[in-house]
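One letter stands for each residue in the lines below.
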Amino acid sequence: MNVKQHTIKSPVSISGVGLHTGVKVNMTFVPAPPNHGIVFQRVDLENQPIVEADVDYVVDLSRGTTIEKNGARVSTVEHTLAALMGLQIDNVLIQIDGPETPIMDGSSLPFVEALETVGFQEQNALRNFFEVPHSIFYKDNEKNIEIAALPLDDYRVTVMVDYNSPVLGSQHASLTNINQFSKEIASCRTFCFLHELEMLQKQNLIKGGDLNNAIVIVDRVVQDHELEHLAKLFNKEKVEVKKEGILNNLELRYKNEPARHKLLDVIGDLALVGRPLKAQILAARPGHAANVAFAKKIKKIMKEASKNQIPHYDPNMPPVLDVNQIYKALPHRYPFKLVDKIFYLDETTVAGIKNVTINEPFFQGHFPGNPVMPGVMQIEAMVQTGGILVLNTVPDPDNYWTYFLSIESCRFKRFVVPGDQIIFKCELLAPIKRGIAKMQGQAFVGNNLVCEAVMSASIVRKDTGKSL
């Protein structure tokens, strides 16, 4: 799995019709900066509103996954998201001029091929994996659906489907390495049963349906007049049934193509948790509603874990900002340069480290013979870490200062002494308004919380001295 975040090297477009709306749509993938995430933009609507690929914005699961925010709705996002997850693309803006992504051939392959034509760009930011801390289970007794996520230092997915159909039978599919997605899973198309077609048609759906973009499984005897009706429905001269029970002599790409497509859907729907996962996913008879319910459960656990989670620091990984880049970003100089490295940074959270040595100048006069790092210096280092976060929210950070305004609920839990490595974590408590940022700051040594505080800072322009 990629360690660093990736985007695409240049924009690439794809066009087609929506499966259910039948509306022709153009969709353009645009490179995006680190920590941007996957965001859709309805360029056909006034003000071109955006909607993030987030499970909190799911509004409909009737025949696919639909997200909506502030009037911007995008339907059937799962195949697009699966392609991005399979290619390990973290940051992209998806501009779309219609209400539904194009169905193409019913798989993720056209999206994968389009993205591969422009290539991928590694970015100077680490991926923010969510490592499942313990087994997570979801069960729908009525539909006999079970999904589980088990701890694993990798991402693997196994799916089983069983529809009590003599044609489809019981099928399994597994993805043991995300790098296999493009060749083993991406080309697998969506499917439905013949009895579902008439229901979907009566619901005024599948207007963009075609026998080339969906596998139609026939699990009963079909009369000639029914085949004639289906031919008219799909604008075909003739519709036939293969002996395997598939309409129009369509050749399966894999014997277990339906199970592989369900695995594709699981990957696409779980992308809505907003972070790449490290887990073993096991799913029995999954569907979009179950997938999204499970994604919500994972996201809830993710939020709870992040409240007092000690940021994971791997010294073998390259920093987001090294000491020289921090030196450039902040105005502080010796002996007040108190942050050595920033190893995580996104729109709301930053994490950095401070290596405490006996050579720190404050140890000369602060408890001589019993060196303890002054609490005010711990807070200063925490504020500097938060300053990096605040400056990351403005488009031209070189033109701004950040000034410390207030501190609340400050607590010192343990002594910090020479030889300690402090991990600082600062997280925005609310969106920045009128140039004022409020953050929750924490400092850890090993597994111990050593201090915490709620801090406020102001963003001020260097040239005018006015707040943002």
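Model, not experiment: these values are computed from the prediction. (Residues numbered from 1 in each chain as written. Predicted model: local features only at pLDDT ≥ 70, side-chain atom pairs only at ≥ 80, totals over all residues. Heavy atoms only, no water.)

Quick word on helix 2 (residues 109–118)
Within helix 2, burial applies to Pro110, Phe111, Val112, Ala114, Leu115 and Val118. Contact partners of the buried residues in helix 2: strand 1 (4–8), strand 2 (12–17), strand 3 (24–31), helix 1 (78–86), strand 10 (120–126) and helix 3 (181–184). Of the residues flanking the end of helix 2, it is Gly119, one or two places downstream, whose phi is positive at about 80°. (Buried < 20%, exposed > 50% of the residue type's maximum accessible area, 1.4 Å probe, protein only. Helix = DSSP H or I, 4+ residues; strand = E, 2+ residues; numbered from the N terminus. Contact = heavy atoms within 4.5 Å.)

Digging into unusual backbone geometry
The residue after Tyr334, namely Pro335, is reached through a cis peptide bond having omega 5°. Although it is not a glycine, Asn70 sits at a positive phi angle of roughly 50°. Residue classification places Asn70 among the exposed positions, given a relative accessible area of 68%. Positive phi outside glycine occurs at Thr76, with the angle close to 55°. Positionally, Thr76 belongs in the loop between strand 8 (72–74) and helix 1.

Thoughts on the state of the cysteines
Taken as a whole and judged by the stated rule, the model has 0 disulfides. The thiol of Cys426 is unpaired, and the distance to the nearest cysteine sulfur, on Cys451, comes to 9.5 Å. Take Cys451: it sits in no disulfide, and the sulfur closest to it among the cysteines is that of Cys410, at 6.2 Å. A relative accessible area of 0% places Cys451 in the buried class. (Disulfide = S-S within 2.5 Å.)

Here's the deal with the sheet that holds strand 19 (residues 341–345)
Strand order across the open sheet formed by 6 strands is 19-20-22-23-24-21, with antiparallel pairing between neighbours. The open sheet has two free edges, formed respectively by strand 19 and strand 21 (400–412), since each of these has just one partner strand. In this sheet, neighbouring strand axes are inclined to one another by 25° on average, regardless of whether the strands run parallel or antiparallel. Bridging between strand 23 (residues 436–445) and strand 24 (residues 448–461) involves 10 bridges; their strand directions are antiparallel. Pairing of Phe444 across the sheet is with Leu449, part of strand 24. Against the sheet, helix 9 (residues 375–391) touches strand 19, strand 20 (349–355), strand 21, strand 22 (421–428), strand 23 and strand 24, its axis set at about 135° to strand 21. (Pairing = 2+ DSSP bridges. Axes fitted to C-alpha atoms, helices over the stretch in contact; angles between N-to-C directions.)

Remarks on the environment of Lys297
Along the chain, the position of Lys297 falls in helix 7 (residues 288–307). Assessed through its relative accessible area of 37%, Lys297 is described here as partly exposed. Considered as a pair, Lys297 and Tyr138 are 159 residues apart in the sequence and their alpha carbons are 8.2 Å apart. Look past the residues within four positions of Lys297 in its chain and what remains in contact with it is Ile136 and Phe137.

A few points about the packing of aromatic side chains
Throughout the structure, instances matching the rule amount to 2 aromatic pairs. A centroid spacing of 5.0 Å and a plane angle of 45° characterise the contact between Tyr313 and Phe343, whose relative ring orientation is tilted. Linking Tyr313 in the loop between helix 7 and helix 8 (323–329) with Phe343 in strand 19, this pair joins segments that are 30 residues apart in sequence. As far as burial versus exposure is concerned, Tyr313 and Phe343 are alike and both buried. Seen from their ring centres, Phe362 and Phe363 are 4.9 Å apart, and the 70° between their planes marks the pair as edge-to-face. Accessibility classification places Phe362 together with Phe363 in one group, the buried group. The side chain of Lys278 reaches across the aromatic face of Phe129, ending 4.6 Å from its centre. When the ring centre of Trp401 is taken as origin, the NZ or CZ atom of Lys462, which lies over that ring, is 4.5 Å away. (Phe/Tyr/Trp six-rings, centres within 6.5 Å; stacked < 30°, edge-to-face > 60°. Lys NZ or Arg CZ within 6 Å of the ring centre and 35° of its normal.)

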